[in-house]
Amino acid sequence: MSVTAACPVWAPFFGFAGASAAMILSSAGAAYGTAKSGIGIAGVGTFRPDLMMKALIPVVMAGIVAVYGLVVAVLVSNDMNPSSDYSAFAGFVHLAAGLSTGFAGMAAGYSIGVVGDACVRGYLYQPRMFVGMVLILIFAEVLGLYGLIVSLILNTKASSKC
Amino acid sequence: MSSYYASKTAFLFYLAGIFALIVFLDLVFTGNGVQFDVGRFLTDTSPYMWALLGVGFTIGLSVVGAAWGIFITGTSLIGAAVKAPRIRTKNLISIIFCEVVAIYGLIMAIVFSSKLNDAELADGEVWPKSAYFSGYALFWSGLTVGVANLCCGVAVGITGSTCAIADAADPQLFVKVLVIEIFGSIIGLFGLIIGLLMTSKVREFDTK
């Protein structure tokens with residue numbers, strides 16, 4: 001538990017910043033995705049209530065984006081302990097992991113919201129569009145997954161040698 | 001202001017950026033460049049500042065989110081209930097979902113403030129590493145809980161407003177659109193979980 005130049009006192013600031021960034025930014029994306037696609041889905045339900053259950057897919061995918069952020073925030077928080085060494089390197093790696101999932105999740109959530117809103121309205125008029133809607137949503141979701149993959153790779157590299 | 005190329009918020013960001021640049025260049029050109037030190041700033045400020053900022057952000061931002069959600073839902077609810085008065089009691093649950101976001105923030109602020117204790121430094125003493133850890137953990141946890149609840153409150157507000165209007169159009173839609181609102185409210189719950197996780201290992205502020 002030493003304070004050296006490699007393990008400065010301020011290193012946990014950046015580690016916690018990473019965990020927070022993952023959660024905050026991906027929850028912003030998920031919130032936008034839920035709200036924006038929810039408007040379209042309620043519109044679908046007004047005219048075709050039988051299509052509502054299948055039209056809920058964008059909302060589920062926006063929730064998954066929030067789970068990506070949760071996973072990275074949990075992984076980063078578990079690595080931090082006041083009684084063990086924590087180097088500046090580990091702090092910056094955790095910051096990078098958090099920002100990576102955070103911004104990717106925010107972008108994915110935004111995309112799912114706009115696409116979900118537009119696609120369910122199309123699904124209302126042409127139910128054969130369901131497969132196309134799901135494909136587009138999957139591609140939007142996988143953007144968040146890319147951020148998660150990079151975060152997981154980075155997190156394995158975080159080590160503290162004082 | 002509307003005739004400018006950039007929006008009002010962009011204008012403020014540019015102004016803040018120019019001010020920061022002027023401060024930075026002043027330090028560099030007067031031979032005091034070594035004072036521009038992020039690590040020194042982080043260690044010279046008291047850990048209590050960070051911790052208490054976190055507590056303030058927790059309750060402040062959560063309540064902003066809850067209030068925002070309530071006014072979005074409430075206005076739509078009353079407007080739709082003019083033509084369909086039967087919806088007014090059932091859709092109060094959307095208002096309650098937004099209120100719950102503020103309760104999350106309140107609970108977390110109380111939990112975080114219970115980790116604070118008044119320790120004074122003697123002359124020449126520095127805070128131990130665990131005190132800085134506690135300060136930073138409480139700051140970022142507070143910000144996480146606050147901003148997650150802010151986003152959640154707005155999302156629940158928008159979907160609650162959608163729920164009220166859909167219910168006014170067709171009563172059987174209420175439960176289905178409520179599902180979307182539940183998905184929105186889990187975002188605040190995730191923020192709560194992360195806030196609790198980050199501060200679980202926080203030790204009390206001790207001068208040893």
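Residues numbered from 1 in each chain as written. Chains lettered and ligands numbered in written order. Predicted model: local features only at pLDDT ≥ 70, side-chain atom pairs only at ≥ 80, totals over all residues. Heavy atoms only, no water.

S.K.: Is there a simple way to explain the overall build of chain B in this structure?
M.R.: If you tally the helices and strands in chain B, you get seven helices and zero strands. Ordered by position from the N terminus, the helices and strands of chain B form the series α-α-α-α-α-α-α. Taking 17 Å as the expected radius of gyration for a compact globule of 208 residues, we find that chain B reaches 23 Å, considerably beyond that expectation. Summarising its shape, the C-alpha atoms of chain B cover approximately 70 × 50 × 20 Å along the three principal directions. Expressed as a percentage of the 208 residues in chain B, the buried residues total 48%. Counting only carbon and sulfur atoms, one obtains 72% of the accessible surface of chain B, whose full area is about 10600 Å². (Helix = DSSP H or I, 4+ residues; strand = E, 2+ residues; numbered from the N terminus. Rg over C-alpha atoms; globule rule 2.2 N^0.38 Å. Buried < 20%, exposed > 50% of the residue type's maximum accessible area, 1.4 Å probe, protein only. Areas by Shrake-Rupley, 256 points an atom, 1.4 Å probe, with all protein chains shown as cover.)

S.K.: Mind showing me how you'd approach the overall build of chain A here?
M.R.: Along the backbone of chain A there are five helices and zero strands. Starting at the N terminus and walking to the C terminus, you meet the elements of chain A as α-α-α-α-α. Every one of the 162 residues in chain A was classed for burial, and the buried ones make up 56%. Within chain A, contacts between residues separated by at least 24 positions form 87% of all contacts whose residues are at least 6 apart in sequence. Put simply, chain A shows about 6400 Å² of open surface, and 73% of that area lies on carbon and sulfur atoms. Each charge class in chain A was averaged separately, 7 positive and 5 negative side chains, and the resulting centres sit 12 Å apart. (Contact = heavy atoms within 4.5 Å. Lys, Arg positive; Asp, Glu negative; His and termini not counted. Charge placed at Lys NZ, Arg CZ, Asp CG, Glu CD.)

S.K.: Any chance you could explain the nonpolar core here in plain terms?
M.R.: Within soluble globular proteins, side chains that are nonpolar tend to cluster in buried spots. Among the nonpolar cores identified, the biggest contains 91 residues, and Phe13(A), Phe16(A), Ile41(A) and Trp140(B) are the most heavily contacted of them. Looking at this core, the element that brings in the most residues is helix α6 (residues 129-169) of chain B, giving 17 residues. Apart from residues no more than four positions distant in its own chain, Phe16(A) is found in contact with Met80(A), Phe133(B), Tyr136(B), Ala137(B), Trp140(B) and Met198(B). Residues Leu77(B), Ala80(B), Ile87(B) and Ile95(B) belong to the second largest nonpolar core, which totals seven residues. (Core = buried A, V, L, I, M, F, W, Y, C linked by side-chain atoms within 4.5 Å.)

S.K.: Help me understand helix α3 (residues 47-81) of chain B in this model?
M.R.: Between its first and last C-alpha, α3(B) extends 51 Å over 35 residues, near the 51 Å set by a 1.5 Å rise per residue. N-capping of α3(B) is provided by Ser46(B), with a side-chain oxygen placed 3.1 Å from the backbone N of Tyr48(B). (Expected span 1.5 Å × (residues − 1). Polar contact = N/O pair within 3.5 Å; in protein donor to acceptor, adjacent residues only side chain to side chain.)

S.K.: Would you mind going over the state of the cysteines with me for this structure?
M.R.: Here, disulfide denotes a covalent bond that connects the sulfur atoms of two cysteines. All names here are of chain A. Scanning the model with the defined rule gives one disulfide over all chains in all. Residue pairing for Cys 7: its cysteine sulfur links by disulfide to Cys 162, the two sulfurs lying 1.9 Å apart. What sets the handedness of the Cys 7 and Cys 162 disulfide is the S-S torsion sign, and at about -105° it is left-handed. Taken together, the positions of Cys 7 in the segment before α1 (11-47) and Cys 162 in the segment after α5 (130-156) put the pair 155 residues apart, joining distant regions of the chain. Judged by relative accessible area, which is 0%, Cys 7 ranks as buried. (Disulfide = S-S within 2.5 Å.)

S.K.: What exactly am I supposed to notice about the packing of aromatic side chains here?
M.R.: Centre-to-centre distance and the angle between the planes together describe a pair of aromatic rings. Tallied over the full model, the rule gives 21 aromatic pairs over all chains. Between Phe14(A) and Phe92(A), the ring centres sit 4.9 Å apart and the planes meet at 45°, which makes this aromatic pair tilted. Of this pair, Phe14(A) sits in helix α1 while Phe92(A) sits in helix α4 (residues 88-125), placing them 78 residues apart in sequence. With centroids separated by 4.9 Å and ring planes inclined at 70°, the aromatic side chains of Phe24(B) and Phe36(B) adopt a geometry described as edge-to-face. Highlighted residues: Phe24(B) in helix α1 (residues 8-29) and Phe36(B) in the loop between α1 and α2 (38-44), separated in sequence by twelve residues. Here Phe36(B) falls in the partly exposed class, since its relative accessible area comes to 48%. (Phe/Tyr/Trp six-rings, centres within 6.5 Å; stacked < 30°, edge-to-face > 60°.)

S.K.: What exactly am I supposed to notice about the pattern of salt bridges here?
M.R.: Where side chains of opposite charge bring their charged atoms close, a pairing between them can arise. Residues and elements named next belong to chain A. One pass over the structure, following the stated rule, counts five salt bridges over all chains. Among the ionic pairs, Asp 117 bridges to Lys 36, the shortest N-O distance being 3.8 Å. Taken together, the positions of Asp 117 in helix α4 and Lys 36 in helix α1 put the pair 81 residues apart, joining distant regions of the chain. You can call Asp 117 buried: its relative accessible area is 11%. (Salt bridge = Lys/Arg side-chain N within 4 Å of Asp/Glu carboxyl O.)

S.K.: Explain the packing of α1(A) against helix α3 (residues 57-78) of chain A to me, please; I cannot follow it from the model alone.
M.R.: Axes are the key here: two packed helices are described by the angle between their axes and the distance separating the axes. All names here are of chain A. Look at α1 against α3: their axes get within 8 Å of each other, and the N-to-C directions meet at 175°. By the angle between their axes, α1 is roughly antiparallel relative to α3. Across the interface between the two elements, Gly 15, Ala 19, Ala 22, Met 23, Ser 26, Ala 30, Gly 33, Thr 34, Ser 37 and Ile 41 of α1 pack against Pro 58, Val 59, Ala 62, Val 65, Ala 66, Gly 69, Leu 70, Val 72, Ala 73, Val 76 and Ser 77 of α3. When the residues that make up the contact of α1 with α3 are grouped by side-chain class, the tally is 14 nonpolar, seven polar and no charged. (Axes fitted to C-alpha atoms, helices over the stretch in contact; angles between N-to-C directions. Parallel < 35°, antiparallel > 145°, perpendicular 65-115°, else oblique. Nonpolar A, V, L, I, M, F, W, Y, C, P; charged D, E, K, R; others polar.)

S.K.: Help me out: how do you make sense of the side chain of Ser161(B) in this one?
M.R.: All names here are of chain B. Structurally, the position occupied by Ser 161 is in helix α6. Only 3.0 Å separates the side chain of Ser 161 from the side chain of Ser 76, close enough to count as a polar contact. Excluding its chain neighbours within four sequence positions, the residues that come into contact with Ser 161 are Ile 72, Thr 73 and Ser 76.

S.K.: Explanation requested: the interface of chain B and chain A in the structure shown.
M.R.: Accessible area lost during the coming together of the parts is what is often quoted as the interface size. The partner chain A presents 46 residues to the 43 residues of chain B that form the contact. Area buried by chain B at its contact with chain A is led by Lys129(B), Phe133(B) and Trp140(B), which between them contribute 19% of it. Inspection of the chain B/chain A interface yields zero salt bridges. For the interface between chain B and chain A, the tally reads five residue pairs in polar contact (both at pLDDT 80 or more). At the level of secondary structure, the elements contributing two or more residues to the side of chain B that touches chain A comprise α2, α6 and α7 (173-198) of chain B. Among the elements that take part in the side of chain B that touches chain A, α6(B) stands out by supplying 20 residues, more than any other. For the side of chain B that touches chain A, the class distribution of residues is 28 nonpolar, ten polar and five charged. (Buried area = accessible area lost by both parts, 1.4 Å probe.)

S.K.: Help me understand the confidence of the model for chain B in this model?
M.R.: Any residue range with low pLDDT should be treated as having predicted coordinates unsuitable for detailed reading. Across chain B, the average pLDDT comes to 91, with 98% of residues at 70 or higher. Note on the complex model: pTM 0.91, ipTM 0.92. (pLDDT = per-residue confidence, 0-100.)

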